[in-house]
Amino acid sequence: MSSILLLTSSPRSDSLSTKIASELADKIKAQNPGKTIVHRNLAAAPLPHIDELFTAAIRTPAEARTPEQTEAVKVSDQLVDELLAADTVVIGTGLINFNIYSSLKAWIDNIARAGRTFTYTETGPKGLVTGKKAYIVLASGGVYSEGPAAPLNHAVPYLKSVLGFIGITEVETVYVEGLAFGPEAAEKAIGAAQARATELALAA
């Protein structure tokens, strides 16, 4: 059975990136009843940051790893398996200091694995996570999809670069932006994001 991997990363209980991303995943599932949603709340259950033991372990063949090295990559292996099993990935994040939450960066560091999600070839790196579609939901107080602040939006370009590197090149973005411009602007932004999510789900 195919799955939708939902990754949320905001520590805020009233997070709009989490709300819209979750709604998008639900809407995609409604269009495809056979799918299941696998939700990883990266803020509520933070992943371990990579360390020296981890980096040594992923460079060691599985059969040659020490028990400590095997344990060090256990969570990473589970995360990669989840990603490979999904045919849809929905990522929710706020724009924090012009980029993604560190909890989401930790997920990326755990799944970017040579030999599992990408490989090196004579012509350069090749992504192994193919045949999937990803959706990015980005919430921000200002407007970063266009206009003078757009160059400060490092979140979407970074996520698209990482996803493309591992083989996911079909990526759509939902912006929930301008939330700091007052209640009316926020309400308009949420409505626009929900409309965009519905449009994308119907096309999924």
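Structure shown above.
Small disclaimer: the values here were computed from a predicted structure and weren't measured.

Enquirer: Could you clarify how one ought to interpret the pattern of salt bridges in this entry?
Expert: Applying the stated criterion to the full structure yields 12 salt bridges. Salt-bridge contacts for Arg 40 lead to Glu 82; the nearest nitrogen and oxygen are separated by 2.8 Å. Of the two residues, Arg 40 sits in strand S2 (residues 36-41) while Glu 82 sits in helix H4 (residues 74-85), which places them 42 residues apart along the sequence. Glu 199 is the salt-bridge partner of Arg 196, the closest N and O atoms lying 3.9 Å from each other. In this pair, Arg 196 and Glu 199 are both assigned in helix H7 (residues 183-203), 3 residues apart and thus about one turn of the helix distant. Salt bridges sharing common partners tie together Lys 133, Glu 170, Glu 172, Arg 196 and Glu 199.

Enquirer: What's the story with the side chain of Arg 113 in this structure? I'm lost.
Expert: With respect to the secondary-structure elements, Arg 113 resides in the loop between helix H5 (102-111) and strand S4 (118-121). Not counting residues within four places of it along the chain, the set of residues in contact with Arg 113 comprises Phe 54, Ile 58, Arg 65, Val 73, Ser 76, Asp 77, Val 80 and Phe 118.

Enquirer: So what exactly am I meant to see when it comes to the environment of Trp 107 here?
Expert: Structurally, the position occupied by Trp 107 is in helix H5. In sequence terms Trp 107 and Pro 46 are 61 residues apart; their C-alpha atoms lie 8.8 Å from each other. With sequence-adjacent residues up to four places away left out, Trp 107 is seen in contact with Leu 5, Leu 7, Leu 42, Leu 47, Leu 79 and Leu 83.

Criteria and cut-off values
- Residues numbered from 1 in each chain as written.
- Predicted model: local features only at pLDDT ≥ 70, side-chain atom pairs only at ≥ 80, totals over all residues.
- Heavy atoms only, no water.
- Salt bridge = Lys/Arg side-chain N within 4 Å of Asp/Glu carboxyl O.
- Helix = DSSP H or I, 4+ residues; strand = E, 2+ residues; numbered from the N terminus.
- Contact = heavy atoms within 4.5 Å.

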